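Single-letter residue listing:
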Amino acid sequence: MASAPPSVAPGNTGLARSWIDRNFLALGREMRLSYLPPLMVYVAAGISGLTSIVATFYIKERLGLSAEFLAGLGFWAGLPWALKVPLGHLVDLIWRWKAALVFVGAGLITASLAIMIGLLGYTDSMRAFASVEAWFVLSTLLAPIGYVVQDVVADAMTVEAVPRVDAEGQPTSLAERKSMNTTVQTLGRVAIIGGSVLVALANVYLLRGVGEMPEAAKALAYLRVYHLSLLIPLVSVLGVVLGSVVKWRDARRLMAKGFARSDARRMLNPHGERPPVNWWIIGGGLAFAIVSLGVGIGDVAGGQEIVFGASMAIVLFLMWRITSELEPEARHVLVGTAVLVFVFRAMPGPGAGSTWWMIDLLGFDQQFLAALSLIGSVLTLAGLFVFRRFMAERSIAYIVGSLTIATTVIGAPIVGMYYGLHHWTAAHTGGLVDARMIVLIDTALESPLGQIAMVPMLAWIANSAPDRLKATFFAVMASFTNLALAAAQLGTKYLNQAFIVTREVKDASGAITTPADYGQLGTLLVLTTVIGFVVPMLAVVFVRATRLRSA
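Predicted model, so just to flag it, every value in this text is computed and none were measured.

S.K.: How would you explain the overall build of the chain if you had to name every residue and give the values?
M.R.: Summing up its helical and strand segments, the chain has 24 helices and 2 strands in all. Looking at the chain as a whole, 50% of its 551 residues are labelled buried. Within the chain, residue pairs in contact and separated by at least 24 positions form 83% of the contacts whose partners lie at least 6 positions apart.

So, in structure tokens, the structure goes:
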């Protein structure tokens, strides 16, 4: 019997091993204990999604909030990320004491979770003080403030995690630091997504069979999820504690080599001298907070648009101020990169109506959505490894263009399902490729793409921003790109105003107050798909055609 040439299999095996080594094992080998403290804070952000599926069904089953209102609430919940600007500068000013802010963030997150625990376990007592909807809105707004505060500190800790000297006290080279900064930023995304994998696994277990449970048992299952979520703030606090231990260990190691305590502290501190107080940043942040609170509490007509415009103006002004620290070439690279990431993240979606449609008409229950979340998280994590070289070797313009094409093609079957694609595929495959199979395949293909665009920009800031303003640069650029998510929520709200989608809502007596109506969802899905393809591609063309560049 003929056999394959002996060199073929070993050669293929060698290529496979080399690819796995470069994309998976190499990142593990580059891991350092000093990277772990900020990664733990990022993990806390990743496991924040533990309650997302429960919250989706809680809103659908118990709250009479419209898709338009929820999109607007998403706007307000995303707005605190614009506060990263003054918070980042605050971290630069109080660098030695920045860990205290993680405790503040943990307190806010705990308060948000406690409110939801109260709503699920002590509904009547909570209703005596305010409506269930009001409590839910407060919980929704508290959590992102806590996560913003922690995220600002975690960004700064990633800079601190990259050593400026080796174990002997000798300075590390610029090339070594650049490689380590890219590794830390990649590991940061891995930590966030790894956290989402953990919570997806937990949700698959905790929500099994919940759809068939009576209401009382279902409420207890939801409550169990929120009790478990109290681990979120604990993980971030433990990360800060570990960071202090690592710094103490490194200082002791250098002192054992003969360095004075003050020299060891200076060698381990990447921040250098404290920068002067930038009153433009502090004042801009305070102005943003005052305007946002005033407009939000006063329920001013067009309040979201006013706040978005004001916050965008403030962030753009602050970007102009801090980028003056850079050389023109570096400034063009940073601005071009930020523009592309902003546009890519600012694309509107169909809103909550598409999820309601999948639950009501396609029969997706809590456990299936948890399984989808698990698949998406695992493949997103794998994608960070698989596309690691792609992120390092390609420009953001190329990455955004590729992601735009990929997400459009991959998302098309979801649009097709509204018009009956799943009925056609099921009929021609003996029921194998039904609605659930299509969504599983779509999730498997699209999930790895979402986190890719951010890594090169974060690595560029960590490597190229001025040492004494690292946290400020992280904060300003993150505020700008996170405002894109606020823009996406505004766009989603406008589309939900134009194309109304409602799910069935009943009052306390069981009478239907709002009937389900998914008639306009198809147009909404088509429109968001077209916008999500055309606008980012135009942005790529714009950056390519101007003097702006991308990292």
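S.K.: Account for the nonpolar core, with residues named and values stated.
M.R.: Counting residues in each nonpolar core, the largest one holds 62 residues, and the members touching the most others are Y58, L119, F136, Y226, F364 and M417. If one sorts the elements of this core by residue count, helix α6 (residues 99-121) sits on top with 7 residues. Those residues within four positions of M417 in sequence are excluded, and the remaining contacts are W357, L362, H422, A435, I438 and V439. Counting residues in each nonpolar core, the second largest holds 39 residues, with V343, F480, A484 and A539 among its members.

S.K.: Which residues make up helix α8 (residues 132-161), and what values do they have?
M.R.: Relative to the 44 Å expected for 30 residues at 1.5 Å per residue, α8 spans 43 Å between its end C-alpha atoms, a close match to the ideal helical length. With 23 of 30 residues buried, α8 lies mostly within the body of the structure.

S.K.: Any details on the side chain of T492? Residues and values, ideally.
M.R.: Inspection of the secondary structure puts T492 in helix α23 (residues 470-498). Polar contacts involving the side chain of T492 include one to the main-chain carbonyl oxygen of A488, which spans 2.8 Å.

S.K.: Requested: an account of a positive patch on the surface, with residues and values cited.
M.R.: A surface patch of positive charge is lined by R96, R252, R261 and R265. Mapped onto the elements, R265 comes out in helix α12 (residues 261-268).

S.K.: Tell me about the packing of α6 against helix α10 (residues 215-228), residues and numbers included.
M.R.: As a packed pair, α6 and α10 sit with axes 9 Å apart at the nearest point and diverge in direction by 160°. In terms of orientation, α6 and α10 fall into the roughly antiparallel class. Crossing angle aside, the handedness with which α6 passes α10 is left-handed. For the pair α6 and α10, the contacting residues are L113, M116, I117, L120 and G121 in the first and Y222, L223, Y226 and H227 in the second.

S.K.: Residue-level account of the pattern of salt bridges, with values.
M.R.: Per the counting criterion, the structure on display carries 2 salt bridges. Notably, a salt bridge pairs D124 with R127, separated by 3.2 Å at the nearest N-O pair. Taken as a pair, D124 and R127 lie in helix α7 (residues 123-127) at a separation of 3 residues, close to a single helical turn. Overall, R127 belongs to the partly exposed group, its relative accessible area being 46%. Salt-bridge contacts for E305 lead to K493; the nearest nitrogen and oxygen are separated by 3.3 Å. Here E305 is found in helix α14 (residues 303-323), whereas its partner K493 is found in helix α23, with 188 residues between them in sequence. Overall, the relative accessible area of 10% leaves K493 in the buried class.

What counts and what doesn't
- Residues numbered from 1 in each chain as written.
- Predicted model: local features only at pLDDT ≥ 70, side-chain atom pairs only at ≥ 80, totals over all residues.
- Heavy atoms only, no water.
- Helix = DSSP H or I, 4+ residues; strand = E, 2+ residues; numbered from the N terminus.
- Buried < 20%, exposed > 50% of the residue type's maximum accessible area, 1.4 Å probe, protein only.
- Contact = heavy atoms within 4.5 Å.
- Core = buried A, V, L, I, M, F, W, Y, C linked by side-chain atoms within 4.5 Å.
- Expected span 1.5 Å × (residues − 1).
- Polar contact = N/O pair within 3.5 Å; in protein donor to acceptor, adjacent residues only side chain to side chain.
- Patch = residues over 30% accessible without salt bridge, like charges linked within 9 Å, V, L, I, M, F, W, Y side chains within 5 Å.
- Areas by Shrake-Rupley, 256 points an atom, 1.4 Å probe, with all protein chains shown as cover.
- Salt bridge = Lys/Arg side-chain N within 4 Å of Asp/Glu carboxyl O.
- Lys, Arg positive; Asp, Glu negative; His and termini not counted.
- Charge placed at Lys NZ, Arg CZ, Asp CG, Glu CD.
- Axes fitted to C-alpha atoms, helices over the stretch in contact; angles between N-to-C directions.
- Parallel < 35°, antiparallel > 145°, perpendicular 65-115°, else oblique.
- Left-handed = near helix turned anticlockwise from the far one by under 90°.

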